[in-house]
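# Survey of secondary and tertiary structure
One-letter residues, chain by chain:
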Amino acid sequence: MINDFFDWCVYVLEVIGNVTGMGYELANIVIFVFIQPLLILIFFYLWKKEKKKKRKMNL
């Protein structure tokens, strides 16, 4: 089951690489080195912002 999921993920990366013309390796780097960390930072910022807003509302 894990191998099937891994194979599906590799297939998706290959399709993304082919559709965009980047290739599998570059698509992998773009997604996991740039996009994923950027999304983590964005969501962390939004979480802190909401936490601060909620704290102000409780005062």
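Look above for the structure.
These remarks concern the structure in this document.

Definitions and limits used
Residues numbered from 1 in each chain as written. Predicted model: local features only at pLDDT ≥ 70, side-chain atom pairs only at ≥ 80, totals over all residues. Heavy atoms only, no water. Salt bridge = Lys/Arg side-chain N within 4 Å of Asp/Glu carboxyl O. Helix = DSSP H or I, 4+ residues; strand = E, 2+ residues; numbered from the N terminus. Buried < 20%, exposed > 50% of the residue type's maximum accessible area, 1.4 Å probe, protein only. Expected span 1.5 Å × (residues − 1). Bend = angle between axes of the 7 residues up to and from the residue.

Pairing between side chains of opposite charge can happen when their charged atoms approach one another. Counted according to the given criterion, the structure contains one salt bridge. A salt bridge links Lys53 to Glu50; the nearest nitrogen and oxygen atoms lie 3.2 Å apart. Of this pair, Lys53 and Glu50 both sit in helix H2 (residues 24-58), separated by three residues, roughly a single helical turn. In this structure Lys53 comes out as partly exposed when scored by relative accessible area, which is 42%.

Further remarks concern H2. For H2, with 35 residues, the first-to-last C-alpha span of 49 Å sits near the 51 Å given by 1.5 Å per residue. At Ile35, H2 shows its largest kink, close to 30°, and the proline Pro37 lies no more than four residues downstream.

These figures capture arrangement, not role.
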